[in-house]
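# Residue-level structural notes
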Amino acid sequence: MGQFISELGMTAEAGANKAERATSLRLCVSGDDAAWFYLEGRTLRLNASDPRVLDREAHGPMLIAELTCYQDNVIQTKFRILVEILNENDNRPKFVKETIHRFTVSELTAVNSVLFTVKAMDADGDMISYIIDPSSRDPQFFRIDLPNSGKIVLNKPLDYETRTQLQVLIWAQEVNTEEKFNISAVLTVNIEDGDDQYPHFLPCTPISPGDPVCVSPNYSTNISQKQQDLVLKFSPGPIRAEDGDRGLNTSLIYSILSGGDQSQFRINNRTGEIQLTRAVPLRHQEKTFTLTVMVCQEDDRLKYSVVSVLIRVLNENTFPPVFNRTTFKGFIVENLSPASIVTTYGNQVLQIKASDRDFSDGLNPNIHYSILPPSGLYQVTDGGVLIARTDRLHAFDRHKVRVVARDAESGEEVSALVDIEVLQTGQSVPHGAVAEQQMFGNVDIRLAGGIIAMILLLLLSAVVFLMLRAVKRR
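Analysis parameters
Residues numbered from 1 in each chain as written. Predicted model: local features only at pLDDT ≥ 70, side-chain atom pairs only at ≥ 80, totals over all residues. Heavy atoms only, no water. Helix = DSSP H or I, 4+ residues; strand = E, 2+ residues; numbered from the N terminus. Buried < 20%, exposed > 50% of the residue type's maximum accessible area, 1.4 Å probe, protein only. Contact = heavy atoms within 4.5 Å. Salt bridge = Lys/Arg side-chain N within 4 Å of Asp/Glu carboxyl O. Disulfide = S-S within 2.5 Å. pLDDT = per-residue confidence, 0-100. Pairing = 2+ DSSP bridges. Axes fitted to C-alpha atoms, helices over the stretch in contact; angles between N-to-C directions. Phe/Tyr/Trp six-rings, centres within 6.5 Å; stacked < 30°, edge-to-face > 60°. Lys NZ or Arg CZ within 6 Å of the ring centre and 35° of its normal. Core = buried A, V, L, I, M, F, W, Y, C linked by side-chain atoms within 4.5 Å. Patch = residues over 30% accessible without salt bridge, like charges linked within 9 Å, V, L, I, M, F, W, Y side chains within 5 Å. Areas by Shrake-Rupley, 256 points an atom, 1.4 Å probe, with all protein chains shown as cover. Lys, Arg positive; Asp, Glu negative; His and termini not counted. Charge placed at Lys NZ, Arg CZ, Asp CG, Glu CD.

It is worth spelling out the overall build of the protein chain at this point. The number of helices and strands found in the protein chain is three helices and 35 strands. When the 474 residues of the protein chain are sorted by exposure, 36% land in the buried category. Partitioning the contacts of the protein chain with sequence separation of at least 6, the portion at a separation of at least 24 is 62%.

Structure below.
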């Protein structure tokens, strides 16, 4: 049964009897909203049901219809029906789609600036306030100063080099209702790179973890006095820089500020390659050149970085390093010490040194020693001395390791084999190769003597046996 609206009290004209008045009186509802009403006798009711729900937000605040009274099909009177629809909080707020799209903000935006404004609508007309969810991913970058405004304010500086995208969760909530209906939206903010960083040389070594500021590398290379018209190759890599603003990647210009020695070195202002234009004179006293190289942005030359470039002038390399033998002999006595020096004949320290005829005394200070392949039992010092992990060695062990001597300037290498024997605790190191042979030779003689003695004893036993056998027969 529909909701009661009104009881209609109407009577027919006087003079007609009761039965005639009852049959001649007729009521009719008409108008735009007539479908929402129906008559039950003289009772006016609301025509609403589960699938047909009256909604103030859809139909407006009023239902308007007209009630006409007929008698004998003649209009007697008309009444206007006005029914006010009371508002109920049956709608949740909804964000205006145009205000919650993906935003792009420059990293140069000043703190306390309004980045964007979000807006939510409530069909019930309720007041809305906006809240930043503190559990969202990046709430620290944003704040809302006026909760009812929806204006999102930048709370801390942006930096494209550390973060290129932020996310924040915004809630829109009813303020003046008991239900406090709400809705949320995740906003994505893309950070646009701004020109706030200087170029830096590669490889970049940050001054601290997470800091975009780089420590400039130390570029170095070697040249000889006869080289010229040569593009130099540097360590730890080619002279190259990049714009600190990776999103802009501005074009860079290279130049030599000092140390070029009257155009002896020329730099390509686009690539950073340095060319040796002419040979270093033999009378030149300087063994090194130090160039100061600058790189700057093409569109803003006040944004620049400088770096030092070291170029060493080497004597002409004629002879490679050599060892005086292909195989060295070493000894180590078994003991519990964690490390011991490998010795050679006469218990002298075994020193494996390569000579270089490019030096008057044969000693090249640029030679470095290593063991290849690397060994977990032995190491070699820069002086060519072998160190053994004694506590991991056992008597009668024998190892062969290969020691490589490399000229750091020319890159030339030479290798030699080291034959190392582990002696028993208390065993003396041989005084020389002959003594070593004699020591092991004595062992062989004693063994041979024992064998001969056993053979003689067997022969003697056989002779005695035969003699006793002959005596018994007689």
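That was the structure; now back to the text.
Our next topic: the pattern of salt bridges. By the definition in use, this model includes 13 salt bridges. For Arg163, the salt bridge identified is with Asp138, shortest N-O distance 2.7 Å. One end of the pair, Arg163, is in the loop between strand E13 (151-154) and strand E14 (165-174); the other, Asp138, is in the loop between strand E11 (128-132) and strand E12 (142-143), and 25 residues separate them in sequence. By relative accessible area, which is 27% here, Arg163 ends up partly exposed.

Across all of its chains, the model carries one disulfide by this definition. Disulfide partner of Cys204: Cys214, at an S-S distance of 1.8 Å. Looking down the S-S bond of the Cys204 and Cys214 bridge, the torsion is -80°, so its handedness is left-handed. Here Cys204 is found in the loop between strand E16 (200-201) and strand E17 (205-206), whereas its partner Cys214 is found in strand E18 (residues 214-215), with ten residues between them in sequence. Residue classification places Cys204 among the partly exposed residues on the basis of a relative accessible area of 32%.

Before going further, it helps to spend a moment on the confidence of the model for the protein chain. The pLDDT averaged across the protein chain works out to 85; a share of 88% of its residues lies at or above 70. Predicted confidence in the protein chain is weakest over helix H1 (residues 18-24), with a mean pLDDT of 57, and strongest over E13, with 97. Note on residues 437-449: pLDDT is under 50 here. Beyond four places in sequence and across chains, it has three contacts.

Let us now look at the sheet that holds strand E19 (residues 219-224). On the basis of which strands lie adjacent, the open sheet formed by four strands has the order E19-E26-E25-E22 and mixed pairing. One side of each edge strand has no neighbouring strand; the edge strands of this open sheet are E19 and strand E22 (252-258). Neighbour to neighbour, the strand axes of the sheet diverge by 30° on average, direction disregarded. Taken together, the six bridges between E22 and strand E25 (residues 288-297) define a ladder with antiparallel strand orientation. When the bridges of E25 are listed, Ile256 appears paired with Val293.

Turning our attention to the sheet that holds strand E3 (residues 37-40). Spatial strand order, E1-E4-E3: three strands in an open sheet with antiparallel pairing. With partners counted over all chains shown, the strands left at the sheet margins are strand E1 (4-7) and E3, one partner each. For this sheet the average axis-to-axis angle between neighbouring strands, irrespective of direction, equals 25°.

Scanning the entire structure with this criterion turns up five aromatic pairs. Seen in terms of ring centroids, Phe103 and Phe116 are 3.9 Å apart; in terms of plane orientation they differ by 10°. Their pairing is stacked. Taken together, the residues Phe103 in strand E8 (residues 103-106) and Phe116 in strand E9 (residues 114-117) connect sequence positions 13 residues apart. Measuring from ring centre to ring centre gives 5.1 Å for Phe265 and Phe289, while their planes differ by 70°; the resulting arrangement is edge-to-face. Here Phe289 lies in strand E25 and Phe265 lies in strand E23 (residues 265-267), a separation of 24 residues in the sequence. In this pair, the class of Phe265 matches that of Phe289, namely buried. Sitting above the plane of the Phe141 ring, Lys156 keeps its charged end 5.0 Å from the centroid.

The tendency in soluble globular proteins is for nonpolar side chains to be buried side by side. Of all hydrophobic cores here, the largest spans 25 residues; its most connected members are Phe95, Phe116, Val118, Tyr130, Phe142 and Ile170. Looking at this core, the elements that each hand over two or more residues are E8, E9, E11, E13, E14 and strand E15 (182-192). In contact with Phe116, other than residues within four places in its own chain, are Phe103, Gly150, Lys151, Ile152, Leu187 and Val189. Among the nonpolar cores identified, the runner-up in size contains 24 residues, and Ile367, Leu393, Val403 and Ala416 belong to it.

All right, on to a negative patch on the surface then. Together, Glu88, Asp90, Glu178 and Glu179 make up a region of like negative charge exposed at the surface. Mapped onto the fold, Asp90 is located in the loop between strand E6 (74-84) and strand E7 (94-95).

What follows covers the pairing of E15. Pairing geometry for E8 and E15, over four bridges, is parallel. Residue pairing for E15: Phe103 is matched across the bridge by Val189. Sheet topology places E14 next to E15; nine bridges connect them, and they run antiparallel. Residue pairing in the sheet places Trp171 in a bridge with Ser184 of E15.

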